[in-house]
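Structure assessment
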Amino acid sequence: MVFPAHVLAAIRKLNTAGYEGYAVGGCVRDSLLGKTPHDWDLATSALPEQVKEVFAGCRVLETGIQHGTVTLLTDGGPLEITTYRVDGVYSDGRRPDSVAFTGSLREDLARRDFTVNAMACHPDEGIVDCFSGKKDLENGLIRCVGDPDKRFSEDALRLMRALRFSSVLGFLIHPDTAESLLRCREALSHIAAERILSELLKLLCGKDVFRVLMDYPQLLWVFLPELQPMHQFNQHTPYHLYDVWEHTARAVAAAPPKPALRLALLFHDAGKPSCFTRDDAGQGHFKGHAAVSEMLSRQMLNRLKASNELKSRVLMPVRCHDDAIPAERKAVKRWLGKLGAERFSALLAVKKADDAAKNPEFSQRPQIEALETLAEELAAENTCVSLKDLAVNGSDLLAAGCPAGPEVGRLLAALLTQVIEERCPNERDALLAAAAREYEGYESTTLF
């Protein structure tokens, strides 16, 4: 392992004062995987007050001192330094009610969630691996430290963390831990929605998300029961090769690893089971499923306490994913005007991922790519697709004689439509003339 200068200096300072100090947890795991750790955490035999004494004159924050943690602020970034501890009872399923400090690094590592997160490293001693974490890293396994039922009962969010690590790292879950995941899954109903959402978004953006969604859907159903009817729901249509859940999992995996995109794809067909009908030939249809999916998505996002921004980014593509968009300039301009370039691009990304999870015999990919090309061309041309791009504004209309009030907004919207429909050039004089004609047709008086 290569220790950054600020981490090495902190460990040396603890050692010089007579205390043990090790890098622990995720920074060790990531380093062994050849990744650059985002954060570095230290564990030490020093008590919190002793840590403060060692770093007297430095900026030290008492971020979690009741649980033995202080944060040392360094030029290289913050370092969390935690005293070796043994956790007490987790009555809230999140944090221990009490902790007992210990002088044993092994006892401290034994309280951690997974073996790959239960390793320590010292610049002179090397890796301290009491629970075969290095072997599990090499074998690509997520395995609880000790009894998995006990680990999950301490903090049920570890259930989602197991899925997240499996998805992000591409690791399988050890059979004993996997059985415990299913046994303990109902405990997720007691976890704060914000914590669930954070882990879910990371899970969805993992490289192995398809396998995780296919192997462990039952865990998601605990807090997103609206998704359960999708599982093994036969679509009875030649356009699809998979049931609704497998189609969904494949669509999620086909999308760029962006949280809002992948969450939208997780939800995009949630309305299909309740909208399903079959015609006389036995073919399945899902008329109106996008609207129902949007309603269910809003319900799930509210339960997860998603931000308004995330809701907006998820609900729009869910609502519009099945809309037909002709590969024509005018149509693309209308959509760009309605959504803006960024969100139109997101909608096309959802459509492309959705299409990738269908029967390739009926692929719409060439048309979607044609829409992407048109959007790029229009952007390169600085084409007017929104009010801010118009060559006139409200002040221009008022100066030309339009009365103040809602008529200004109506006229601007009408002018934008004319420009998008290519019935009027985006030029000031032409737009004012068009506004005069529009106003004359709307009101008997002519102020222009």
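Just above, that's the structure.
What this report covers is the structure whose coordinates are included nearby. (Residues numbered from 1 in each chain as written. Predicted model: local features only at pLDDT ≥ 70, side-chain atom pairs only at ≥ 80, totals over all residues. Heavy atoms only, no water.)

Quick look at the nonpolar core
The nonpolar side chains of a soluble globular protein tend to be buried, and buried together. Let me state the cut-off plainly: Only buried residues count toward a nonpolar core. Its members are Ala, Val, Leu, Ile, Met, Phe, Trp, Tyr and Cys residues joined through side-chain atoms within 4.5 Å. When a residue's accessible area, from a 1.4 Å probe over protein chains only, is under 20% of the maximum for its type it is buried; when over 50% it is exposed; and in between it is partly exposed. In what follows, a contact means two residues having at least one pair of non-hydrogen atoms within 4.5 Å.
Among the nonpolar cores identified, the biggest contains 86 residues, and L163, L213, F223, L227, L263, L266 and F267 are the most heavily contacted of them. Excluding its chain neighbours within four sequence positions, the residues that come into contact with L227 are W221, W245, L266, F267, A270 and M300. One finds V392, V408, L411 and L431 within the second-largest nonpolar core, a separate group that totals 19 residues.

Brief notes about the sheet that holds strand β2 (residues 41-44)
Formally: The rule for pairing is simple: two strands pair if DSSP sees at least two bridges between them. For helices the rule is a DSSP run of H or I covering at least 4 residues; for strands it is a run of E covering at least 2, with both sets numbered from the N terminus onward. To obtain each axis, a line is fitted to C-alpha atoms, and for helices this fit is confined to the stretch in contact; angles are then taken between N-to-C directions over 0 to 180 degrees.
Across the sheet, seven strands lie side by side as β3-β4-β5-β2-β1-β8-β9; this open sheet has mixed pairing. Of all strands in the sheet, those bounded by a partner on one side alone are β3 (59-64) and β9 (126-128). Direction aside, the axes of adjacent strands within the sheet are offset by 35 degrees on average.

Some points on the packing of aromatic side chains
For the record, the criterion: Each Phe, Tyr or Trp ring, with Trp reduced to its six-membered ring, pairs with another whose centre is within 6.5 Å; inter-plane angles below 30 degrees give stacked pairs, above 60 give edge-to-face pairs, and intermediate values give tilted ones. Put simply, a charge is over a ring when the Lys NZ or the Arg CZ is close to the ring centre, within 6 Å, and near the line of the ring normal, within 35 degrees.
Considering all chains together, one arrives at five aromatic pairs under this definition. With a centroid separation of 5.8 Å and 40 degrees between ring planes, the pair formed by F3 and W40 is classed as tilted. In this pair, F3 is assigned in the segment before α1 (5-16) and W40 in the loop between α2 (26-32) and β2, connecting sequence segments 37 residues apart. As far as the burial class goes, F3 and W40 line up, both buried. Among the aromatic residues, those joined into a cluster by ring pairs are F233, F276 and F286. Above the plane of the ring of F165 lies R164, whose end atom (NZ or CZ) is 4.6 Å from the centre. Over the ring of F286 we find K272; its NZ or CZ atom is 4.7 Å from the centre of that ring.

Considering the state of the cysteines
Note the threshold: Disulfides are defined in this document as cysteine sulfur pairs within 2.5 Å.
A complete count under the given rule lists zero disulfides for this structure. Here C144 stays free of any disulfide, with the sulfur of C184 as its closest cysteine sulfur at 8.8 Å. Free cysteine C424: the closest other cysteine sulfur is in C384, separated by 9.9 Å. Residue C424 is classed as buried on the basis of its relative accessible area, which comes to 6%.

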